[in-house]
Amino acid sequence: MKIGKATVPRTAICTSDEHTIVIRGHDLSKELIGKISFVDHFFLLLTGQMPSAGQAAVLNATLVAIAEHGLVPSVQAARMTFAAAPDAMQGAVAAGVLGCGSVVLGSSETAGRMYVEMDAQMQAGRSMDDAALSVMKAWRAAGRSIPGYGHPLHKERDERVGALFDAAKAAGTDLRFVQIAEAAERLLPEVLNKPLKLNVSGAIPSVLLGAGFPVEGLKGVPMLARTAGLIAHMVEEIRQPIGFALSYQATREVEYEGEVPAGFGKHA
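For clarity, every value in this text was computed on a predicted model and none was experimentally measured.

(A) Highlighting helix H9 (residues 176–192). For H9, with 17 residues, the first-to-last C-alpha span of 24 Å sits near the 24 Å given by 1.5 Å per residue. At Arg-186, H9 shows its largest bend, some 45°, and a proline, Pro-189, comes one to four positions later. What H9 keeps buried is the set Phe-177, Val-178, Ile-180, Ala-181, Ala-183, Ala-184, Glu-185, Leu-187, Leu-188 and Val-191. For H9, the elements touching its buried residues are helix H6 (107–123), helix H7 (128–141), helix H8 (159–171) and helix H10 (200–210). Positive phi shows up at Asn-193, right after H9, with a value of about 65°.

Listed below in structure tokens is the structure:
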């Protein structure tokens, strides 16, 4: 059966022939390699447009901000996986990336979608404060947490937040979503009955959305950034292994509470 034109699978990202590789309409070898940064290339791949200097600066700042944060669960998973399978670095890095969920790293996307909802209400005529309160109350009524606020370690505002906001201001990108994020922070006690400060997962989408980054790609930014950190941990694991030590630590710290056979733990 002949496939109609409208149903032919399509892509606008890449094509090639025997002489040329084309990326978003650009000759990879002649126009991109050695001429643009990886950040520029990432933005081009996602949006089809070359970023302005300001857009590139903001995206670069977010990638630097989230690439590394110590022995978080995703890093521990990667290092322990590598300890068990040192012949498969890609599997260990994948194990870490699989930990990019709603609690670690993935909350940037969720916060961004919340800010977009607030912005949509503002475009419909509501004030920023009314829009922020309305969306947050609706999210809580639906049993959803408010993403991008609060941190187990950084009880005051995460220092990365101010650094990212300063980068966006210096870049001259749209600060509308930064203002929305800060309004939500100020009004959050009316929703949760306690103050919570912005964290980096709230700052990242607020500056990226203002830089024209697509909301659908927000989760990819911390994933891409953290991949760089995971590779660094893999190299360190090769040179200075701690994967099994992390595993042994769990064995020492966790107390077994199930039943045991008669005589278990007693030596003759």
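(B) Layout of the environment of Thr-173. On the secondary structure map, Thr-173 appears in the loop between H8 and H9. Residues Thr-173 and Ala-211 lie 38 residues apart in sequence; the distance between their C-alpha atoms is 5.4 Å. With residues up to four places along the chain from it excluded, the contact list for Thr-173 reads Gly-54, Gln-55, Val-58, Ala-168, Gly-210 and Ala-211. Engagement of the side chain of Thr-173 in a polar contact is seen with the backbone oxygen of Ala-168, the distance being 3.4 Å.

(C) Representation of the pattern of salt bridges. Under the defined criterion, the tally for this structure stands at eight salt bridges. For Asp-27, the salt bridge goes to Lys-30, with nearest N and O atoms at 3.9 Å. Connected through shared salt-bridge partners, Arg-79, Glu-236 and Glu-237 make up one network.

(D) Quick look at the packing of helix H3 (residues 53–66) against H8. Look at H3 against H8: their axes get within 8 Å of each other, and the N-to-C directions meet at 165°. Overall, the two elements H3 and H8 adopt an arrangement that is roughly antiparallel. Two packed elements cross with a definite hand, and for H3 against H8 that hand is right-handed. Contacts between H3 and H8 involve Gly-54, Ala-57, Val-58, Ala-61, Thr-62, Ala-65 and Ile-66 from the former and Arg-160, Leu-164, Ala-167, Ala-168 and Ala-171 from the latter. In the contact of H3 with H8, the residues fall into nine nonpolar, two polar and one charged.

Scoring rules and cut-offs
Residues numbered from 1 in each chain as written. Predicted model: local features only at pLDDT ≥ 70, side-chain atom pairs only at ≥ 80, totals over all residues. Heavy atoms only, no water. Helix = DSSP H or I, 4+ residues; strand = E, 2+ residues; numbered from the N terminus. Expected span 1.5 Å × (residues − 1). Bend = angle between axes of the 7 residues up to and from the residue. Buried < 20%, exposed > 50% of the residue type's maximum accessible area, 1.4 Å probe, protein only. Contact = heavy atoms within 4.5 Å. Polar contact = N/O pair within 3.5 Å; in protein donor to acceptor, adjacent residues only side chain to side chain. Salt bridge = Lys/Arg side-chain N within 4 Å of Asp/Glu carboxyl O. Axes fitted to C-alpha atoms, helices over the stretch in contact; angles between N-to-C directions. Parallel < 35°, antiparallel > 145°, perpendicular 65-115°, else oblique. Left-handed = near helix turned anticlockwise from the far one by under 90°. Nonpolar A, V, L, I, M, F, W, Y, C, P; charged D, E, K, R; others polar.

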